[in-house]
Amino acid sequence: MSQSLFDRYRLGDLRLPNRVVMAPMSRVRAAAGGLATPSMATYYAQRATAGLIVSEGVQPSLVGQSNPGTPGLHTDEQVASWRPVTAAVHANGGRIFAQIMHGGRVSHPDTNGLRPVGPSAVAATGEVFTPTGPQPVPVPRALETAEVPEHVESYASAARRAVDAGFDGVELHGANGYLISQFLSSNANLRTDRYGGSLANRVRFAVDATAATVDAVGAARTGIRLSPGGAFWGVEERDVPELYTVLLRELARLEPAYVHLEATADEDVLVALRRAWPGTLIMNPVLPMGPKRAGRPDADRWLGLGADLISFGRAFIANPDLVERMRAGLPIAPEDEATYFQGGDAGYVTYASYQHAS
């Protein structure tokens, strides 16, 4: 029997009314000090008909902050600022996980006053946003072996704060060239200790961070997002099928709520990873920030290929009622890219539902 995008699904302790997931998307609208805002509460509550919302990336520490204008979960004030956001989502019948994102080498001292850290002293490619505009990404400071557990624990600590703030769980950002992804990489990670070299060593940081988070808040509240073979920020990965098969085998022992895959590898590789993963799989069916926006046909195709839940990113920006639009076959409104990161409410909470826009 084929699965429908609008079927219910049991995810950990949550009962999802449909299989639509709102993917994490940075919108850089946090207040000074990494605080969540009333507009963020409105934004997420407007989209609460999603089976699950995954928040924008939230830094677990000051050194983990990648961009200006992003929220955190490492101070009591930040926790307090998130409570109205999660309460608004829950009041509208929704469920929300916080995505915990440590930027690692993808950061700048002008943003947080600290030199970025990474697995090795290898700079990312490209320019990173700073308070004064884009700047070249600096060379990070390579973490000493004895320091690595502190950064592992930062995910767990942020997860505890997330639950305290009312989130239903957390997703570790293990994708897109950020810290976990850097440890998985074969060119950002040149280490010769237990965190580098062999496949078993390269997956160790991801597994340790997941294990610490599971210990902190429980497996049912813990997910992880991955981008197999993704080349974000200059990251390269050798032996992608083998690397991710090893990673998924180790993660399976921890029984997290889900693995969230991006379509960053060939379909046959992704289907093989689906077979290798015994738990719930969320599939993001198109390349993040690529030319194509995911739609209902992509979702149906991946449900047929074995995914359990389907995440949509950009389509949720301009369509707070995306679930209803797809269910009824209504037009999907285009988003205004100029408003992605400009701040303010325009292009953030100003998109109307179909019944109000038509």
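Rules behind the numbers
- Residues numbered from 1 in each chain as written.
- Predicted model: local features only at pLDDT ≥ 70, side-chain atom pairs only at ≥ 80, totals over all residues.
- Heavy atoms only, no water.
- Salt bridge = Lys/Arg side-chain N within 4 Å of Asp/Glu carboxyl O.
- Helix = DSSP H or I, 4+ residues; strand = E, 2+ residues; numbered from the N terminus.
- Buried < 20%, exposed > 50% of the residue type's maximum accessible area, 1.4 Å probe, protein only.
- Pairing = 2+ DSSP bridges.
- Axes fitted to C-alpha atoms, helices over the stretch in contact; angles between N-to-C directions.
- Contact = heavy atoms within 4.5 Å.
- Polar contact = N/O pair within 3.5 Å; in protein donor to acceptor, adjacent residues only side chain to side chain.
- Expected span 1.5 Å × (residues − 1).
- Phe/Tyr/Trp six-rings, centres within 6.5 Å; stacked < 30°, edge-to-face > 60°.
- Lys NZ or Arg CZ within 6 Å of the ring centre and 35° of its normal.

Enquirer: Explain the pattern of salt bridges here, please?
Expert: Where side chains of opposite charge bring their charged atoms close, a pairing between them can arise. A full pass over the atoms with the stated rule returns eleven salt bridges. Arg-161 is the partner of Asp-76 in a salt bridge, and the nearest nitrogen-oxygen pair spans 2.9 Å. Here Asp-76, found in helix H2 (residues 76-91), pairs with Arg-161, found in helix H4 (residues 148-164); they are 85 residues apart in sequence, far enough to count as distant. The class of Asp-76 is exposed, set by a relative accessible area of 56%. Here Asp-193 and Arg-191 are joined by a salt bridge, their closest N and O atoms 2.8 Å apart. You'll find Asp-193 and Arg-191 in the same group, each marked buried.

Enquirer: Mind showing me how you'd approach the sheet that holds strand S11 (residues 222-226) here?
Expert: Pairing between the strands of a sheet is mediated by backbone hydrogen bonds and can be parallel or antiparallel. Strand order in the closed barrel formed by eight strands is S3-S4-S5-S10-S11-S12-S13-S14, and the pairing between neighbours is parallel. Strand-to-strand twist across the sheet, computed as the mean angle between neighbouring axes with direction ignored, equals 25°. Sheet topology note: the S11/strand S12 (residues 258-262) ladder contains four bridges and is parallel. When the bridges of S12 are listed, Leu-226 appears paired with Leu-261. The strands that H4 touches are strand S5 (96-100) and strand S10 (169-174); relative to S5, the one it contacts most, it runs at about 155°.

Enquirer: Looking at this structure, how should I read the side chain of Thr-86?
Expert: Position of Thr-86 relative to the elements: it lies in helix H2. Its relative accessible area of 2% is what places Thr-86 among the buried residues. A polar contact of 3.1 Å, which involves the side chain of Thr-86, links it to the backbone oxygen of Arg-83. Apart from residues lying up to four places away in sequence, Thr-86 is in contact with Ile-96, Ala-165, Gly-166 and Phe-167.

Enquirer: Help me out: how do you make sense of H4 in this one?
Expert: Turn by turn, an α-helix covers 3.6 residues, leaving residues three or four places apart pointing in a common direction. Across its 17 residues, H4 extends 25 Å between first and last C-alpha, which sits within 8% of the 24 Å expected from 1.5 Å per residue. When we look at burial in H4, the residues that qualify are Val-148, His-151, Val-152, Ser-154, Tyr-155, Ala-156, Ala-158, Ala-159 and Ala-162. At its buried positions, H4 is contacted by S5, strand S6 (117-118), S10, helix H5 (179-184) and helix H7 (204-217). Phi turns positive, to about 105°, at Gly-166, one or two residues after H4.

Enquirer: It is not clear to me how the packing of aromatic side chains should be interpreted in this structure. Could you clarify?
Expert: Geometrically, a pair of aromatic rings is defined through the distance of the ring centres and the angle of the planes. In total, this model carries nine aromatic pairs according to the counting rule given. Judged by centre distance (5.9 Å) and plane angle (35°), the rings of Phe-97 and Tyr-258 are tilted. Placement of the pair is Phe-97 in strand S5 and Tyr-258 in strand S12, with a sequence separation of 161 residues. Taking relative accessible area as the criterion, Phe-97 reaches 0% and is therefore assigned buried. Among the aromatic residues, those joined into a cluster by ring pairs are Tyr-155, Phe-183, Tyr-195 and Phe-205. Lying across the ring of Tyr-195, Arg-194 places its NZ or CZ 5.4 Å from the centre.

Don't take any of this as a statement about function, it's just geometry.
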